[in-house]
Amino acid sequence: MSPESSHRTAQAARSPHADASTDRLKFNGDNVFQRELRRRVEAYFKHSGLKQRDSARLYLKTAIILATFVASYVLLVFFATAWWQGLLLSIVLAVATAQIGFNIQHDAGHQAFSERRWLNKCMAMTLDLVGGSSYVWHWKHAHFHHTHTNIDGYDSDINLGALARFAPQQKHYWHHRWQHIYLWALYGLTVVSWHLHDDFRDVITGSIGKRRFPRPRGKDLAVFVVGKLVFLTLALGLPLLFHSIGTVLLFYAVIAVLTGLQLALVFQLAHAVEETEFPTPSEPGRMNTPWAIHQLETTANFSRDSRMITWLVGGLNFQVEHHLFPRISHIHYPAISPIVEAACREYGVPYHANASFGAGLASHYRWLRQMGRPETVPASLVLEPLAQN
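Residues numbered from 1 in each chain as written. Predicted model: local features only at pLDDT ≥ 70, side-chain atom pairs only at ≥ 80, totals over all residues. Heavy atoms only, no water.

(A) Just the layout of surface pockets, in detail. Each pocket or cavity is described by its volume, and for the largest pocket that value is around 1,200 Å³. Lys140, Asp157, Thr190, Trp194 and Asp198 are, among the 46 residues lining the largest pocket, the residues nearest its centre. Every element with two or more residues in the lining of the largest pocket is listed here: α4 (83-109), α7 (134-147), α8 (179-187), α9 (190-205), α11 (245-271) and α14 (319-324). Ranked by residue count, the leading element in the lining of the largest pocket is α9, at nine residues. (1 Å grid on protein atoms, 1.4 Å probe; cavity = no way out; pocket = protein on both sides within 12 Å on 5 of 7 lines; lining within 4 Å. Points joined across faces, edges and corners; volume = space filled by probe spheres on them. Helix = DSSP H or I, 4+ residues; strand = E, 2+ residues; numbered from the N terminus.)

(B) A look at the environment of Ala80. Residue position: Ala80 is located in the loop between α3 (56-79) and α4. When the C-alpha atoms of Ala80 and Phe113 are compared, they prove to be 34 Å apart, with 33 residues separating the residues in sequence. Not counting the four nearest positions on each side in its chain, Ala80 is found in contact with Leu75, Gln85, Gly86, Leu89 and His243. (Contact = heavy atoms within 4.5 Å.)

(C) How the structure looks around the pattern of salt bridges. By the definition in use, this model includes 13 salt bridges. A salt bridge links Glu115 to Arg53, with the shortest nitrogen-to-oxygen separation between them at 3.1 Å. Taken as a pair, Glu115 in the loop between α4 and α5 (117-124) and Arg53 in the loop between α2 (32-48) and α3 lie far apart in primary sequence, 62 residues in all. Overall, Glu115 belongs to the exposed group, its relative accessible area being 52%. Arg116 is the salt-bridge partner of Asp54, the closest N and O atoms lying 3.4 Å from each other. Residue Asp54 is located in the loop between α2 and α3, and its partner Arg116 is located in the loop between α4 and α5; the two are separated by 62 residues in the primary sequence. (Salt bridge = Lys/Arg side-chain N within 4 Å of Asp/Glu carboxyl O. Buried < 20%, exposed > 50% of the residue type's maximum accessible area, 1.4 Å probe, protein only.)

(D) Spatial organisation of α2. Between the first and last C-alpha of α2 there are 25 Å, a value that for 17 residues agrees with the 24 Å anticipated at 1.5 Å per step. Looking at α2, one finds that the buried residues are Phe33, Gln34, Glu36, Leu37, Arg40, Val41 and Phe45. Along its buried surface, α2 packs onto α12 (291-298), α14 and α15 (333-347). Downstream of α2 by one or two residues, Gly49 has phi in the positive range, about 75°. (Expected span 1.5 Å × (residues − 1).)

(E) Quick look at the environment of Val70. For Val70, the position within the fold is in helix α3. Classification of Val70 as partly exposed rests on a relative accessible area of 49%. For the pair formed by Val70 and Ala142, sequence separation is 72 residues and the distance between their alpha carbons is 28 Å.

(F) Representation of α5 in the model. Turning to α5, its buried residues are Leu119, Asn120, Met123 and Ala124. Projected onto a plane normal to the axis of α5, the buried residues spread over an arc of 135° and lie on a single side. Facing away from the buried side of α5 by over 90 degrees, the exposed positions are Arg117 and Trp118. Tucked into the core, α5 has its buried residues touching α3, α4, α6 (126-129) and α7. (Arc of directions from axis to C-beta.)

Below is the structure:
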């Protein structure tokens, strides 16, 4: 563990616990760095003549991904006769499914796919096609995660309950000492839980983790219900007309687990690594850090030099750029990354990046192991004796 990580953990343990009852945190209003960074990025687009959205490259990429998804699904359900054909097509379908999430739905959900709102809405609903809810995702990801990245009690993406401990402020359970081993298997089950449980629970309870959100109504509710019905028909109903229940469940499990691993690992490498921070409010409802600096402290890139990984994960190996400019299409992240990094160096603010996918995985593994140690106690337990002095 680096000295920086030790200092960071100790600082987090001494900080006040996040108050999830506070609806929204206010960040420090000093936005000089953010304004300058925005000016430089806007200058890039002005001089290059490129559009931030509505990219022909993204439209072509979308067509390729959707065509691969449809072709692999049709071949798997209607033409595959041997187990090896089913396995190969399941792998292709799992990759295409994850790419719909990374490349199409993700941009559209952030209004980064097109200038046309209706087109963003349609492309965002590709998530409903593959088993998620574009409505719930919008609140969970675009609102809660992006605004309050890595803040315990506010960012539901770092809260797996008793299953895992991602932040120093979270309660330690005895089984967390092995989380760096067992979590890799659980990551594969995230999509199964998403398909069959999480969205339904969130809509019924009107909450995501500890955060309340408005339940879908009218058209949003219709999209939610129809989307779930269409997905269950495609994933289970239609295949059952041609194959045994055992075969259908087996290949559903293969596709869901492979998709879940892809989605979970890309997120974990962006936020749950040694380099990133897990800050807490300086007082109820307030953060000392400006919002843009907070995003830089809590986010990390990986594999910036790999064109293949960039294509596959929809530019989400450039999470720093995405968190700073979520409404710019991921197609442009590799180009604006040097601009962002140079500005960070000039202003003396962090720019976290792991050189490769493997380096990111190793950093995530070490962070899980560190958080599994019982001596890294929650902030609330440290503050209690301090309050008595």
